[in-house]
Structure formats: C-alpha cells, structure tokens
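The chain contents come next:
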Amino acid sequence: MTGAETEDDVPLGERKTVTDFCYLLDKSKQLFNGLRDLPQYGHKQWQSYFGRTFDVYTKLWKFQQQHRQVLDTRYGLKRWQIGEVASKIGQLYYHYYLRTSETSYLNEAFSFYSAIRQRSYYYQVNKEDRPELVVKKLRYYARYIVVCLLLNKMDLVKVLVKELSEEIEDYTQRFNTEDQLEWNLVLQEVAAFIEADPVVVLNDNNSAFVTSNRLLEGSVPPLEQGMVVGQLVLADALIVGNSNNQVKFSELTIDMFRMLQALEREPVNLATQTSKQGTLEPNEKPAKRENPHKYLLYKPTFSQLYTFLSASFKELPANSVLLVYLSATGVFPATHLDFEAGPYDFGGVLTNTNRDVVNGETVQKRNQAQKEMHCLHPGDLFPFTRKPLFIIVDSSNSTAYKNFTNLFGQPLVCLLSPTVYPKSVQDQSQRGSLFTLFLYSPLLAFSSICGLNSVRRGLWERAQEFLRKVFRDIGQMITRSRSIDQAFLQFFGDEFLRLLLIRFVFCSAALRLHKLFRESRSFPESYPELPKQDTVESSLLQKHILELATMLDVQSLFWDDSLESY
C-alpha cells in the first residue's frame, strides 16, 4: 500500500485487487522462469507448461488493464512494470514461434514489442538510478530487433538500432558498468546483419525495397496433371550453423537466418484473421498452416546435435521427411584416401569445441589412424537413413557427403555446395554462403555473382516473373527425365522440397555457364547424381539463363555457347 496509509484505510475490494495482482504477478514470474528448465527438443513435453504460462499472463494482462487506477494508487504500479509484462508476453509468442515454426506468432510478438515503444512503457526507466532496469530496456530492444529482422521490417530495424545505440551510450555514461563492450558488440553484430544482403532492390525514389523470401501462396511451380510423385511431407528440419567468421546476431548466423525463411510460409497477421485490430490482447492460436517444425542449432557440440537429431527422428510422423541443413566449417582427413575408404574417412563438418581453428579449417593433430571426434561424419547420419532424409551441406568439405550409401532403401537426397569459389565470391563469404543464398533467393544470388550492387524494383519484378517460368520448366525437366533417381521424385510432392530442388538445379546451371566458375569444385553436387543433360546442362535451361543475364545486362559474364565452357 502506498504512502502513510494503513491497511485498514484501504477498502476491502481494493485490497483484494492488489492481493490478486501480486498473486498473478508472482505466479507469472515463477512459470516464466520455469520455461528455461523445459527440454528444448521433443514436441509434446513443453506444450501444457507453455499453455499454463500463457493463461496466467493473459489473466495478468487483462487484470492490470481492468484495475489500472486501483493498482496505480494502491500498489504504485509503474509504467515500466506494465512494459515488463508486455515484454514477457512478446517473449512467450517468440518462443512459441521457435517451438512451433508458426510464423503468425511472430506478428503477435511484434504487436506487444511495438506497443511497448509506442506507449513509452520504459520511458521513466532512465530517470531511476537502477542500472538493472536500464538493462531490461536494452534487452527489450535487442529482442524487438530480432523479431523485426525475422519479419523483414528493415526500415524499423534501422530506427531501433539508432535508438538502442543512444540508450547504450546513455547507460554507459551514467553507470560505470562492465558490460559496455558486450552491448557495443550487439550493435556491431546487428549492423553487419542488416548489411549482409549483397544486392539492394531500389524503388524509384532510391529507397530500399524489402523483398520477402518466404513461401508465398502460388509461388511454387505446380505439379503437372497426372504426374505421379511421392506423397512425403517435410515435417522436421534441423538448421545448424557453425561457420567461422560468419555474420551472426542472437545465435543466428546469416546462413541459418536465410534457410529458416526458405522453410516457412509468409506470416499471416492474426489481427486481420480475428478482427482484433487495434487491441493489444494475447490472441487465440492461429489456424494451422503446415510449416515444418525447426530446431535452430548455433554452434552445437556433437552430443547436442545428435540428441536433437535423435529426438526429431523419434517423433517423425509416418510419410514424413527430416531435413538436415549443415552450414559449417569443413574438417578434412589427414591421410590420403585409398579406394577402400569408408564413411568415417572423408572428414565432414565441424561440431563445436574449444580447439584451434587454423585459417577457418580444422587440421588433424592426432594419430593419423584415429578419426576426428568433433566432426559430423557422413557415417554419423547413416542410422537416420531408416526414414526419409533430405540433407543440405554448405561447407568447404561438403563433398565428404557424396560418399553415402543408402543402406535401408528409404528416400535419401544430399544437396552439396561447391567447395571452392572464385576469389571475388570467397571475399564475400563473411556475409553468408553463395550456395545458401541461391536456395534462399535465387535472383539475389544471381545478381550477386554478376557483380550487381543494386537492381531497380521494376526490373527486379520482371526478372522474378521470368524466373517463375524458368522454375516451371525446371520442374518439368525433373519429372519428365527418364534417368533421374526416384529419390528426387519421392521428395517432389512437398512444396518446400520441390522449391529447394528447383533452386538447386538453377544454381548448378547458372554457375556452370558463368565465366568465373571454371573448376568442377566450384559447382554444386548431389547424391544421388542428377542426370546432367536432362537438368543442369539442359540446353533449354542454358538458354533461359542467358535470357535472364541479357535482361540484367550482364550477358558478357556468361558463355554464350555451352561448348565454349569445356
């Protein structure tokens, strides 16, 4: 109770209001802190706990709205405390998104984070002599920026980064804290993240046009009528990022950030679905939209990676696919391989450890007869080929995964990045891999290898429309090929996997025609191999690529006659 009042001076109803509020506040904090103890993997264990936490926060939020005046006068409720509740609800929605991969929850998180800023809930914090409150405000900004990045709200991100920079400066000047360097690093990381895209699409007034690369309704080439393909559905995806020196923010490397969007549908705003626009209330669950469930693993150890793989494998429904995406530094074998080499003799990709990394590649320092421990070898994935498995490896040693054996006869495809790039491309590797860029936004990647820094929006949209036609043709090349491995067709029924396969073929064909990419190691590969004449070296596809190059006025960078390239 406030001031010099005794408890007896306060009406019973108001006293009960304060008591109920304190109970809800304590209960909400207790449940929220318990979220940390939930296992990060497995679909079932967390749902009921999340539901209880969400219910309590919904009650708490509505309660403080209904009884604001009493809580102001009798409890001394501060605006930053309301901001804290809103921030926690935003975090809950964001974690719901991470757990379910339902992109609509991102919009809900954004609504709450946005309201905190619009209503200046944290404004008074700077006037209080409590550094821990200012840190709450800084953390709120960092979380808000992550959600805006995932929703491609780049203009707002730039404004928030500027505000965060000013807040950090004020914080470090007022309080002599030890975390100044950490906060400055946060600023540097997000600034690098914003600048990671190699090509800017410009509006007529020269402002940047933000493109979305999530799956849009109608953007996937449809299957031809009567075409028989597999009925498998992509249910789970492990997205692993362990590339040295790559731009990152909040445990997301730029490659992970791009790949997770390539495996999501465009978010639906729940407010428009439920006619709750303008109100800030925790919403009901969105209508089910089939996004594959994802685990985002930043620099995992071998144990962590294997635990998540096993959990995904165990819970994979019938007729479903597990996708494993590895963006990681290559680990190479120390000895020369002989013809009897097995699945643990080719090296693989790095898993996290404290050991030294030399020039971005790890080199064995042990007995040559022993295998590298901190490495995911192709053989490590063999047990998981008992179910349909779709693997993407973006690494300097991706070709280690060519040496697969399909032991169990289940559908299995590996898409493997080039292992060597021309110097001009290699110099850009900190801003993300070219191979992943092709799988995320083929036109962005194509413009990048052509040395374009910007493209006018009108031209961009014409080129995208042309690519849709090209992708329809690639889809038909794959389904009509007489010599293609059936594994590709078994995955072709799923929209996400169909688009990844089509983009992979486009990437392979474009790099083969580009004059800078001369070594065979500079081309993507796959297991099983694609029939080249039907797909990546198809004369029709080569003609399309030259047409696209002409449209962008970069035709001189490509071989005009495919015979010249050999």
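Residues numbered from 1 in each chain as written. Predicted model: local features only at pLDDT ≥ 70, side-chain atom pairs only at ≥ 80, totals over all residues. Heavy atoms only, no water.

## A word on the confidence of the model for the chain
To keep it simple, the criterion reads: Think of pLDDT as the predictor's per-residue confidence, scored from 0 to 100. Helical segments are the DSSP runs of H or I of at least four residues, strand segments are the runs of E of at least two, and each set is numbered from the N terminus. It only takes one pair of heavy atoms within 4.5 Å for two residues to be counted as in contact.
Overall, the predicted model of the chain reaches an average pLDDT of 88, with 89% of residues at or above 70. Mean pLDDT values over the elements of the chain span from 44, in helix α10 (residues 270-274), up to 98, in strand β10 (residues 389-394). This model gives residues 270-278 a pLDDT under 50, and the stretch forms 16 contacts once residues within four places in sequence are excluded. Note on residues 562-566: pLDDT under 50 across the span, and seven contacts to partners over four residues away in sequence or across chains.

## Thoughts on the packing of helix α4 (residues 79-100) against helix α5 (residues 104-118)
Condition: Helix axes are fitted only over the stretch in contact, all axes being lines through C-alpha atoms; the angle between N-to-C directions runs from 0 to 180 degrees. Any angle that is under 35 degrees is reported as roughly parallel, and any over 145 degrees as roughly antiparallel; angles of 65 to 115 degrees are reported as roughly perpendicular and all others as oblique. Each crossing gets its hand from how the near helix is turned against the far one by less than a right angle, where anticlockwise is left-handed and clockwise is right-handed. Note that Gly is not counted as nonpolar here; it falls among the polar residues with everything else outside the nonpolar set of Ala, Val, Leu, Ile, Met, Phe, Trp, Tyr, Cys and Pro and the charged set of Asp, Glu, Lys and Arg.
Taken N-terminus to C-terminus, the directions of α4 and α5 make an angle of 165°; their axes are 8 Å apart at the nearest point. Relative to α5, the element α4 is oriented roughly antiparallel. The two elements α4 and α5 meet at a crossing, and its hand is left-handed. Across from Gly-83, Ala-86, Ser-87, Ile-89, Gly-90, Gln-91, Tyr-93, Tyr-94, Tyr-96, Tyr-97 and Thr-100 in α4, the residues of α5 making contact are Tyr-105, Leu-106, Glu-108, Ala-109, Phe-112, Tyr-113 and Ile-116. Grouping the constituent residues of the contact of α4 with α5 by class yields twelve nonpolar, five polar and one charged.

## Some words on the pattern of salt bridges
Quick reminder of the rule: When a carboxyl oxygen of Asp or Glu is within 4 Å of a side-chain nitrogen of Lys or Arg, the pair counts as a salt bridge. The cut-offs for exposure are 20% and 50% of the maximum accessible area for each residue type, with area from a 1.4 Å probe on protein chains only; residues under the lower value are buried, those over the upper are exposed, and the others partly exposed.
Using the criterion set out here, one finds 24 salt bridges in the structure. Asp-20 is the partner of Lys-16 in a salt bridge, and the nearest nitrogen-oxygen pair spans 2.8 Å. With Lys-16 and Asp-20 both in helix α1 (residues 12-34), this residue pair falls four residues apart, about one helical turn. Take Asp-20: its relative accessible area is 26%, and that puts it in the partly exposed class. The partner of Arg-214 in a salt bridge is Glu-264, and the shortest N-O contact between them spans 2.7 Å. Of this pair, Arg-214 sits in the loop between β1 (200-202) and β2 (233-242) while Glu-264 is found in the loop between α9 (254-262) and α10, placing the two residues 50 residues apart along the sequence. Side by side, Arg-214 and Glu-264 carry an identical accessibility label, which is buried. In the salt-bridge network here, residues are joined through shared partners; they are Glu-84, Lys-88 and Lys-136.

## A short note on the sheet that holds strand β8 (residues 348-350)
As a reminder, the rule being used: Strand pairing is defined by DSSP finding a minimum of two bridges between the two strands.
Taken in spatial order, the three strands of this open sheet run β7-β8-β9, and their pairing is antiparallel. Each end of this open sheet is capped by a strand with a single partner; those strands are β7 (330-331) and β9 (375-376). Where β7 lies against β8, two bridges are found, and the strand directions are antiparallel. Residue pairing for β8: Val-331 is matched across the bridge by Gly-348.

## Structural notes on the sheet that holds β10
The mixed open sheet is built from six strands, whose spatial order is β5-β2-β6-β10-β11-β13. Across the chains shown, the open sheet's two edge strands, defined by having one partner strand only, are β5 (293-298) and β13 (525-527). Averaged over all pairs of adjacent strands, the angle between strand axes in this sheet comes to 10°, irrespective of strand direction. In terms of strand pairing, β2 meets strand β6 (residues 320-328) through nine bridges, oriented parallel. The partner of Asn-242 across the bridge, within β6, is Ala-328. Sheet strands touched by helix α11 (residues 302-315): β2, β5 and β6. Its angle to β2, the strand with the most contacts, is close to 175°.

## A word on the nonpolar core
Cut-off, in case you're wondering: Within this scheme, the nonpolar core is defined by two criteria: the residues are buried Ala, Val, Leu, Ile, Met, Phe, Trp, Tyr or Cys, and they are joined through side-chain atoms within 4.5 Å.
Membership of the largest hydrophobic core comes to 151 residues, with the highest contact counts inside it found for Leu-323, Phe-390, Ile-392, Phe-438, Phe-446 and Phe-506. Apart from the residues within four sequence positions on either side, Phe-438 is in contact with Ala-445, Phe-446, Ile-449, Arg-503, Phe-506, Cys-507, Ala-510 and Leu-511. If you look at the next biggest cluster of nonpolar residues, it comprises 30 residues, including Phe-308, Val-324, Phe-382 and Phe-384.

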